Amino acid sequence: MTNTNFWSEITEVLWADIESNDSYPTVRPLLAHYTSVTTLEQMLRTEEVWFSNPLYMNDWEELRFGMHVGAAKFRSHQALLDACETTENHTALISSFDQLLNEFDSKHAMDTYILCLTEHCFQDTDGLLSMWRGYGANGGGVAVVFDTTKLRSDDKLPFIVSKVTYADQSTRIKWIEDKITSLALAISKHEKTQENLHAASYGWLERLKLFSLFTKHSGFSEEGEWRVVYLSDRDKEQRFAKMLGYTISNRGVEPKLKLKIKELRADQDNALSLDTLIERIILGPSISTILATNSVRRMLELNQRASLAGKVVASSIPFRP
């Protein structure tokens with residue numbers, strides 16, 4: 001059985017730099033999702049928000065970088081070898097980590113999903129030009145602004161909500177090395193039982209996953225990104241497994257999590273809906289004409305979303321692709 005003091009110590013070492021309630025952070029800003037008008041229409045029609053697998057995203061190398069470097073450093077770090085005291089203990093530690101990593105790769109990596117959002121200022125009715133160009137159909141899409149204060153805390157939800165941290169490659173490598181050094185120090189203080197070594201491996205893999213999912217190269221920093229991440233291994237009750245699906249795009253068949261908003265709650269008694277969660281809809285600068293604005297409002301009304309029609313605003317950025 002894992003030593004309770006040991007688990008508490010490695011938990012403190014590995015997670016001291018992040019908010020403990022990662023499923024519902026204290027800071028709950030407005031968050032904008034830049035997308036196409038077609039995606040908005042689909043969202044309204046189905047009352048779903050689609051999450052993407054990170055390996056299909058434009059920054060997929062960030063996830064692979066973190067996992068690959070973190071695993072390699074864990075296997076070769078001298079401080080861990082010293083902390084384990086014997087080659088046999090070190091081999092057991094690495095074998096346990098590799099087994100857990102292989103299990104994640106084979107059973108859960110495909111069903112890890114991300115919804116990418118950008119922190120949004122309440123006074124902003126224009127959106128960010130770089131986001132329009134990169135994610136909002138080159139200015140011809142929409143920014144759907146969500147009010148995260150409408151969400152309530154629910155520890156049973158298998159989601160993690162957090163702001164993305166930006167750093168260059170050398171800084172990220174140093175973070176990994178420093179964390180492993182701290183973990184090694186914790187290991188050195190306790191008995192090297194099989195249970196403790198397994199707990200250390202498990203703790204490192206879980207922290208490495210979060211690091212990889214919520215860290216990006218500093219070149220993306222202007223995006224001010226937040227992410228909502230679904231991890232299937234956290235979905236113990238398989239509550240959201242029925243929402244796992246796919247879509248067909250120009251990249252072939254892609255796995256998706258098609259999250260039904262009504263499965264979340266605004267409070268103990270009321271189900272959540274897009275009508276209450278959406279704070280505003282910003283029409284992209286490339287199509288921000290009076291005709292286009294009225295057409296989007298008509299689309300909302302025909303999809304029984306009349307309450308959202310008054311939340312449509314047109315970006316005034318003078319941008320034409």
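Each remark here, short or long, concerns the structure printed above.
Definitions and limits used
Residues numbered from 1 in each chain as written. Predicted model: local features only at pLDDT ≥ 70, side-chain atom pairs only at ≥ 80, totals over all residues. Heavy atoms only, no water. Axes fitted to C-alpha atoms, helices over the stretch in contact; angles between N-to-C directions. Helix = DSSP H or I, 4+ residues; strand = E, 2+ residues; numbered from the N terminus. Parallel < 35°, antiparallel > 145°, perpendicular 65-115°, else oblique. Left-handed = near helix turned anticlockwise from the far one by under 90°. Contact = heavy atoms within 4.5 Å. Nonpolar A, V, L, I, M, F, W, Y, C, P; charged D, E, K, R; others polar. Expected span 1.5 Å × (residues − 1). Buried < 20%, exposed > 50% of the residue type's maximum accessible area, 1.4 Å probe, protein only. Arc of directions from axis to C-beta. Salt bridge = Lys/Arg side-chain N within 4 Å of Asp/Glu carboxyl O.

Before going further, it helps to examine the packing of helix H1 (residues 4-15) against helix H8 (residues 194-213). Where H1 meets H8, the axes come as close as 10 Å, and the angle between the chain directions of the two elements is 20°. In terms of orientation, H1 lies roughly parallel with respect to H8. The way H1 lies across H8 gives a crossing that is right-handed. Across the interface between the two elements, Phe6, Trp7, Ile10, Leu14 and Trp15 from H1 touch Asn196, Ala199, Ala200, Tyr202, Gly203, Trp204, Glu206, Arg207 and Leu210 from H8. Residue composition of the contact of H1 with H8, by class: 10 nonpolar, two polar and two charged.

Time to look at helix H10 (residues 290-302). With 13 residues, H10 extends 18 Å from end C-alpha to end C-alpha; this agrees with the ideal 18 Å at 1.5 Å per step. Listed as buried for H10 are Ala292, Thr293, Val296, Met299 and Leu300. Taken down its axis, H10 places every buried residue within 115° of arc, on the same side. The exposed set on the far side of H10, more than 90 degrees from its buried face, consists of Ile290, Leu291, Arg298 and Leu302. Gln304 lies just past H10 and shows a positive phi near 55°.

For the rest of this paragraph, the subject is the pattern of salt bridges. Per the counting criterion, the structure on display carries 21 salt bridges. For Asp233, the salt bridge goes to Lys209, with nearest N and O atoms at 2.8 Å. Taken together, the residues span a long stretch of sequence, with Asp233 in the loop between strand E8 (225-231) and strand E9 (244-249) and Lys209 in helix H8 at a distance of 24 residues. Overall, the relative accessible area of 3% leaves Lys209 in the buried class. Across the pair Lys216 and Glu223 runs a salt bridge, and its minimum N-O distance is 3.1 Å. One exposure class covers both Lys216 and Glu223, and it is buried.

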